[in-house]
Amino acid sequence: GMGGVLITVAIIALYTPWFPIFDLRQVSIVGNRHTVASDIVHLSGLKRGSALPSLRLRAASARIAALPWVKSADLVREFPHGVRIEITERVPVARRTSADGKCLLIAEGGIVVSDKCDGWNQTILLTGGSVSGISPGAHVLEPALVGLLDGLLRATLTGMTVRKLDVSNASSVVLTDDAGTRVLLGALEAAESRIRPLEALCRAVKIGNYEQVDLRFGGEATLVPRVRR
């Protein structure tokens, strides 16, 4: 009865004075090369003077991760008065021209991070595939294409630099490298599973010596050598 109420009041009386000692006065952000710091702070919902111990950092992290470039956001309390926001940004993997002539920059996870591709000419030029829109935050609609792009980003293709990826025919995906070698990956649904055999092939032979590499039939590769003129 009364005892419980008195204890509660006593606890509040004891703890309330601590909060101004641990109030939020400073937010530091690291890792954001393409994301504006003010956007991060705004989305975080962190307010000056808030009690550090009671901040809901996981919810703030989820809100920040809604920004197109942000892959993840880790928030750390830095007593007595700070929060550090550690941003990991997405790595661009491909660029694609939209119907109205815009260049969409697509990063890992299939997320459109920019509608400008200046300075990103080393990314893969993508033909075909569908995106949900033409503004940053839109995404690639085919999960198999997202998997293929992410797989190519992680792949170690010795002696090979992928320049183009044509998925305009979903039953016949074609990769082209900077030497003009065409790699046939077959259907889009299975294309990601061909990356590991391609890695192994790149370690075994000099891919640039071949005009075409056919990986459509599982465990075997058919290679067409370049004709020396």
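Values in this document were obtained by computation on a predicted structure and should not be read as measured data.

The rules behind each value
Residues numbered from 1 in each chain as written. Predicted model: local features only at pLDDT ≥ 70, side-chain atom pairs only at ≥ 80, totals over all residues. Heavy atoms only, no water. Helix = DSSP H or I, 4+ residues; strand = E, 2+ residues; numbered from the N terminus. Buried < 20%, exposed > 50% of the residue type's maximum accessible area, 1.4 Å probe, protein only. Contact = heavy atoms within 4.5 Å. Phe/Tyr/Trp six-rings, centres within 6.5 Å; stacked < 30°, edge-to-face > 60°. Salt bridge = Lys/Arg side-chain N within 4 Å of Asp/Glu carboxyl O. Pairing = 2+ DSSP bridges.

Observations regarding the environment of I85
Its location among the elements puts I85 in strand β3 (residues 82-89). A relative accessible area of 0% places I85 in the buried class. Sequence-wise, I85 and A73 are twelve residues apart; in three dimensions their C-alpha atoms are separated by 6.5 Å. Dropping the residues within four chain positions of it, I85 is found in contact with V27, S28, I29, V30, I40, S44, L46, I64, D74 and L75.

Considerations on the packing of aromatic side chains
The relation between two aromatic rings is expressed through the spacing of the ring centres and the mutual angle of the planes. Applying the stated criterion across every chain, the model contains two aromatic pairs. Plain terms: the ring middles of F22 and F79 are 5.0 Å apart, the flat faces sit at 80° to each other, and that makes the pair edge-to-face. Taken together, the residues F22 in the loop between α1 (2-15) and β1 (26-30) and F79 in the loop between β2 (70-78) and β3 connect sequence positions 57 residues apart. Its relative accessible area of 24% is what places F22 among the partly exposed residues.

As for the pattern of salt bridges
What the rule picks out here adds up to seven salt bridges. One salt bridge in this structure joins E108 and K71, with 3.0 Å as the shortest N-O distance. Of the two residues, E108 sits in the loop between β5 (103-107) and β6 (111-114) while K71 sits in strand β2, which places them 37 residues apart along the sequence. On the basis of relative accessible area, E108 is assigned to the buried category, the value being 12%. Its salt-bridge partner being R84, residue E86 comes within 2.5 Å of it at the nearest N-O pair. Take E86: its relative accessible area is 26%, and that puts it in the partly exposed class. Taken together, the salt bridges that share partners define one network made up of E78, R84 and E86.

Side note on the pairing of strand β11 (residues 210-214)
With three bridges joining them, strand β10 (residues 182-186) and β11 adopt parallel strand pairing. Across the sheet, the residue bridging to V183 is V213, located in β11. Across four bridges, β11 lies against strand β12 (residues 222-225) in antiparallel orientation. Residue V213 lies in a different strand from β12, and its bridge partner there is L223.

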